[in-house]
Amino acid sequence: MFYREAGDFKTSYAADQQTFPIKSERWLFWAFIAIAFLVVPFFINDYWNKAVLMPLLIYAMAALGLNILTGYCGQVSLGTGGFMAVGAYACYKLMTAFPGMDMFSVVILSGFITAGVGLLFGIPSLRIKGFYLAVATLAAQFFLVWMFNKFAWFYNYSASGQITAPERTVFGIAVTGPSTTPWATYLFALTFVFVFGWVARNLTRGRLGRSWMAIRDMDIAAEIIGVSPLRAKLSAFGVSSFYIGMAGAMFFANYLGAIEVTEAFGIEKSFLVLFMVIIGGLGSILGSFLGAVFLVLLPVLLKNIMVGYLGWATDLAAHVQIMLIGGLIVFFLIAEPHGLAQLWRVTKEKLRLWPFPY
Amino acid sequence: MSIKKLVIAGAMAIMMGGAPALADMVFPSLSYRTGPYGPNGIPFADGYADYFTLLNERDGGIGGVKLKVIECETAYNTEKGVECYESTKGEGALVYQPLSTGITYQLIPKATADGIPVLSSGYGRTSAANGKVFEWIFNFPAAYWDGASIAVNHIMDVEGGDINGKKISLVYHNSAYGKEPIRTLEELAKKHGFTFTAIPVDHPGQEQKSQWLQIRRDRPDYVLMWGWGVMNSVAIQEAANIRFPMDHFIGVWWSGSENDVLPAGDGANGYKSLALHGTGIDYPLYADMKKYVIDAGKGAGDGSHAGEVLYSRGVYSAVLAAEAARKAQEISGKKDITSADMRDGLEALEITSARLAEIGLPDFGAEFKATCANHGGSGLGKVQQWDASAKKWNLITDWIASDRELIQALVEEDSAAYAAENNITPRDCN
């Protein structure tokens, strides 16, 4: 009734192939983007920025990156934390080595550096598959974290091994450091996520994305029809690491401002992002966002309900929250193994027919 | 998706809307009662909250103003720590005491920009002792570099003043916290002629076989430890397993609580650690604490931790904050102090033996006086030793002074580097 394709005529191939073929959905999307860009910056405060929206955007970016590799190309990776660390340390070294550089360039260059490292660790994927590849990327995770701890050059020989983001600007407005305004960091991260979400969506339905999916679905068959596994797998590793590197750079510079590698980019981070991808939906751009919403916002929401509203003790609330999130993960995986994105797809299908399902 | 978000946004708006009770003095407690560091976080959080409850119940607050502790669970995780900071700072927070070096590092620039003081007693960034650069950050009564120096001075006392050619190893938590003393120990090694090796243990520290194998091979004369959480008890157990002489094994003040030594049983007998304050339940304050808080059922925890080392540390931290608030009321001449007044109070804080006795904690902590330039206190510490049969920590030394000359030089160097990185012009303190 409200969501239908009747009367929505397509007169060109471009119109037929667009991401949101149904008018109401398109409107919903643009309204959502308009609110995110034009309304939220006027109302955002420190709490919403630092505790809710920044982690959400940054984890969505990381999940997007991992989804390209795991969801679209079928290569399981447990190295996300390590690659985020590469992005963060590249960002730090660039920020301190070139103080005049603006943050857009810094984050994008950090992405490229991470892509290089990702390509390197992607090479084993040409010979090993499945769980064995997961173990190989796990090695990357531990090696990278160890490296950033071991060699003092990476943290500019600071006594504590912490890296701290100095103040850097975009168009003269500070987006890192302590004296940033909430709207500036928020818009900065949002711009990145919007632009690269757009790029990811279009990459995945283009030639490159189709070659990834071919490799994912059956690599031998893909090779027979002329898809080069070398190019497909390595490009997936490269693009995925590019996204994860940018997420790591923003995680360090814009969100936390100071980190230490073992604490911030440990194996837990790899699992967290992998869970986001699995719960959100493998091979779905929307799924990356939904997964991040689920695992970033839900704990904060539950905490605020239990401690702030019901007045429970903090430790009790923390334990209940762990159980609830765990239970919900199990529930969603049983109810919809293809993730929240599939749930949304099913809902849309039903909405199309509603209220006359026959 | 948008509906879901709307629901979330609406729900959160309701949660955030709870207005704070007016005119309470707010002391946020970024505690951790869960996670691998929970066993150490619980007694501290209990002690911190119980002391403020005691002041409310017995004295009606400070200067007639009630005190309010807002607890927020961080699980020793910096991301959650940031969330806790952002969610509590709007409630009129006077001072943050996060009990985590990682979170302290996070908060130093943020709290400075927001104008809320941070008091990291015995942890955090050591060079914050330089008040000229770190206007809003305090770390009295002593910091890590003091701790390193106190430990070395104690070893010198034991060895009769000469430790030339001795081997000292440091087993440390591989994080900002554990790395803090390395620089100082390297300098001290040069000065006193001992060989120094640093052995990292990764978070959370449950697995230390290879580290202790290395110690067994190197045979150091002394082992120092900068550990936290489960790492402490594992290290003490491993040291007992390789029959390392326990009285040659010295932990920092964060590696010397009941939780750390009890699991090793008799093997931990003789283990030493530094101490910032006395422990045990024999102080007069605890009679009031029992009467007004624990027996009244108003304790933050189950009351079983009272008198433990980390509970005492929580009480001590709360005492420092409460005394600073009292001082702030005195300086500003008003009852309702702001975080800026609190900063002035912290900077003018003087802890004397007489005052400690008045509070009900005679000879509990060291005397010190904060000034504009010195935010680091006097840097004194004692050494305590574990008696496994009595299950009791005994203080075995008087206050030991640290090598302030050497540390001051390092503090100046490190804080100057921080000031240069962040474009801070040091304050003029004269």
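Residues numbered from 1 in each chain as written. Chains lettered and ligands numbered in written order. Predicted model: local features only at pLDDT ≥ 70, side-chain atom pairs only at ≥ 80, totals over all residues.

1. Regarding the overall build of chain B
Next up, step 1: Helix and strand counts for chain B come out as 14 helices and 14 strands.
Next up, step 2: A compact globule built from 430 residues should have a C-alpha radius of gyration of about 22 Å, and chain B, at 21 Å, falls within 12% of that.
Next up, step 3: Per-residue burial for chain B yields a buried fraction of 57% across its 430 residues.
Next up, step 4: Relative to all contacts within chain B whose residues are 6 or more apart in sequence, the contacts with residues 24 or more apart total 70%. (Helix = DSSP H or I, 4+ residues; strand = E, 2+ residues; numbered from the N terminus. Rg over C-alpha atoms; globule rule 2.2 N^0.38 Å. Buried ≥ 20, exposed ≤ 12 C-beta atoms within 10 Å, placed from the backbone. Contact = placed C-beta atoms within 7 Å.)

2. Observations regarding the overall build of chain A
Next up, step 1: Secondary structure summary: chain A contains 15 helices and four strands in total.
Next up, step 2: Compactness check: chain A gives a C-alpha radius of gyration of 21 Å against a globular reference of 21 Å for 358 residues, within 12% of the reference.
Next up, step 3: In terms of its C-alpha atoms, chain A occupies a principal-axis envelope of roughly 70 × 55 × 45 Å.
Next up, step 4: Burial status across chain A gives 48% buried among its 358 residues.
Next up, step 5: Long-range pairs, those at least 24 residues apart, make up 76% of the contacts in chain A between residues at least 6 apart in sequence.

3. Observations concerning the interface of chain A and chain B
Next up, step 1: Between chain A and chain B, the residue contacts involve 36 residues of the former and 38 residues of the latter.
Next up, step 2: Breaking the side of chain A that touches chain B down by element, the ones donating at least two residues are helix H2 (23-43), helix H3 (46-72), helix H11 (261-264), helix H13 (285-309) and helix H14 (314-335) of chain A.
Next up, step 3: At eight residues, H13 of chain A tops the list of elements feeding residues into the side of chain A that touches chain B.
Next up, step 4: Split by residue class, the side of chain A that touches chain B holds 19 nonpolar, 12 polar and five charged. (Nonpolar A, V, L, I, M, F, W, Y, C, P; charged D, E, K, R; others polar.)

4. Describing helix H6 (residues 176-192) of chain B
All names here are of chain B.
Next up, step 1: The end-to-end C-alpha distance of H6 is 25 Å, a good match for the 24 Å that 17 residues give at a rise of 1.5 Å each.
Next up, step 2: Along H6, the residues classified as buried are Ala-176, Tyr-177, Gly-178, Lys-179, Glu-180, Pro-181, Ile-182, Thr-184, Leu-185, Leu-188 and His-192.
Next up, step 3: Packed against the buried residues of H6 are helix H4 (101-114), helix H5 (144-158), strand E5 (167-173), strand E6 (195-201), strand E7 (222-226) and helix H14 (404-421).
Next up, step 4: Of the residues one or two after H6, Gly-193 is the one with positive phi, at around 80 degrees. (Expected span 1.5 Å × (residues − 1).)

5. Focus: the domain arrangement of chain B
Residue and element names in this part refer to chain B.
Next up, step 1: Looking at the assigned domains, one finds that chain B contains domain 1 (23-143 + 280-379 + 415-421) and domain 2 (144-277 + 381-409).
Next up, step 2: Using only C-alpha atoms to locate each centre, domain 1 and domain 2 end up separated by 26 Å.
Next up, step 3: Domain 1 puts 23 residues into the contact, and the matching count from domain 2 is 25 residues.
Next up, step 4: For the side of domain 1 that touches domain 2, the secondary-structure elements that each account for two or more residues are helix H2 (38-59), H4 and helix H11 (309-332).
Next up, step 5: With five residues, H11 is the largest single contributor of residues to the side of domain 1 that touches domain 2.
Next up, step 6: Looking at side-chain class alone, the side of domain 1 that touches domain 2 contains 13 nonpolar, eight polar and two charged residues. (Domains from an automatic or database assignment.)

6. Comments concerning the environment of Met-323 of chain A
Next up, step 1: Tracing the backbone through its elements, the reader meets Met-323 of chain A in helix H14.
Next up, step 2: A C-alpha to C-alpha distance of 32 Å links Met-323 of chain A and Gly-197 of chain A, two positions 126 residues apart in sequence.

7. Things to note about the packing of H2 of chain B against H11 of chain B
Residues and elements named next belong to chain B.
Next up, step 1: Between H2 and H11, whose axes approach to 7 Å, the crossing angle comes to 40 degrees. With respect to each other, H2 and H11 are oriented oblique. Remark: the crossing between H2 and H11 carries right-handed chirality. For the pair H2 and H11, the contacting residues are Asn-40, Pro-43, Phe-44, Ala-45, Asp-46, Gly-47, Tyr-48, Tyr-51, Phe-52 and Leu-55 in the first and Leu-310, Tyr-311, Ser-312, Arg-313, Gly-314, Val-315, Ser-317, Ala-318, Val-319 and Ala-322 in the second.
Next up, step 2: Counted by class, the contact of H2 with H11 contains 13 nonpolar, five polar and two charged residues. (Axes fitted to C-alpha atoms, helices over the stretch in contact; angles between N-to-C directions. Parallel < 35°, antiparallel > 145°, perpendicular 65-115°, else oblique. Left-handed = near helix turned anticlockwise from the far one by under 90°.)

8. Description of the packing of helix H5 (residues 103-122) of chain A against helix H10 (residues 229-256) of chain A
Residue and element names in this part refer to chain A.
Next up, step 1: At a closest axis distance of 6 Å, the pairing of H5 and H10 adopts a crossing angle of 140 degrees. Classified by the angle between their axes, H5 and H10 sit oblique to one another. Between H5 and H10 lies a crossing of right-handed hand.
Next up, step 2: Per-class residue counts for the contact of H5 with H10 are 15 nonpolar, 10 polar and one charged.

9. A word on unusual backbone geometry
Residue and element names in this part refer to chain B.
Next up, step 1: Note the cis peptide between Phe-140 and Pro-141, where omega equals 10 degrees.
Next up, step 2: Along the chain, the position of Pro-141 falls in the loop between strand E4 (137-138) and H5.
Next up, step 3: Between His-203 and Pro-204 the backbone carries a cis peptide bond, its omega angle lying at -5 degrees.
Next up, step 4: Following the sequence through the fold, Pro-204 ends up in the loop between E6 and helix H7 (209-218).
Next up, step 5: At Asp-363, a residue that is not glycine, the phi angle is positive and equals roughly 55 degrees.
Next up, step 6: As for its position among the elements, Asp-363 is in the loop between helix H13 (353-359) and strand E11 (368-369).

10. Overview of helix H6 (residues 130-150) of chain A
It helps to recall that an α-helix has 3.6 residues per turn; residues three or four apart then point in one direction.
Next up, step 1: Compared with an ideal rise of 1.5 Å per residue, which puts 21 residues at 30 Å, H6 of chain A spans 30 Å between its outermost C-alpha atoms and is within 8% of the ideal.
Next up, step 2: Buried residues in H6 of chain A make contact with helix H4 (80-97), H5, H11 and helix H12 (267-280) of chain A.

11. Considerations on the nonpolar core
Next up, step 1: By size, the foremost hydrophobic cluster in this structure holds 236 residues, and its most contacted members are Ile-58, Met-61, Cys-91, Met-250 and Phe-252 of chain A.
Next up, step 2: With 17 residues, H3 of chain A is the single largest residue contributor to this core.
Next up, step 3: Split by domain, the residues of this core number at least three in each of domain 1 (23-143 + 280-379 + 415-421) and domain 2 (144-277 + 381-409) of chain B.
Next up, step 4: Once residues within four sequence positions are removed from consideration, Met-61 of chain A is found in contact with Phe-192, Val-193, Phe-196, Tyr-243, Met-246 and Ala-247 of chain A. (Core = buried A, V, L, I, M, F, W, Y, C linked by C-beta atoms within 7 Å.)

12. Re the pairing of strand E13 (residues 392-395) of chain B
Residues and elements named next belong to chain B.
Next up, step 1: Bridge count for strand E12 (residues 380-387) against E13 is four bridges, and the pairing is antiparallel. Looking across to E13, one finds that Gln-385 is bridged to Asn-394.
Next up, step 2: With antiparallel pairing between neighbouring strands as the criterion, E12 and E13 make up a hairpin whose turn holds four residues, including Lys-391 at a positive phi of roughly 50 degrees. (Pairing = 2+ DSSP bridges.)

13. Remarks on the environment of Tyr-418 of chain B
Next up, step 1: With respect to the secondary-structure elements, Tyr-418 of chain B resides in helix H14.
Next up, step 2: Sequence-wise, Tyr-418 of chain B and Phe-134 of chain B are 284 residues apart; in three dimensions their C-alpha atoms are separated by 9.3 Å.

14. Re the environment of Met-231 of chain B
Next up, step 1: On the secondary structure map, Met-231 of chain B appears in helix H8 (residues 230-241).
Next up, step 2: Along the sequence, Met-231 of chain B and Ser-255 of chain B sit 24 residues apart, while their C-alpha atoms lie 8.9 Å from each other.

15. Focus on the pairing of E12 of chain B
Residue and element names in this part refer to chain B.
Next up, step 1: Among the eight residues of E12, six are classified as buried, and the element is accordingly described as predominantly covered.
Next up, step 2: Here four bridges tie strand E9 (residues 272-275) to E12, and the two strands are oriented antiparallel to one another. Following the sheet pairing, Lys-272 is matched in E12 by Gln-385.
Next up, step 3: Of the pairings in the sheet, the one linking E12 to strand E14 (residues 400-401) comprises two bridges and is antiparallel in character. The partner of Gly-381 across the bridge, within E14, is Ile-400.

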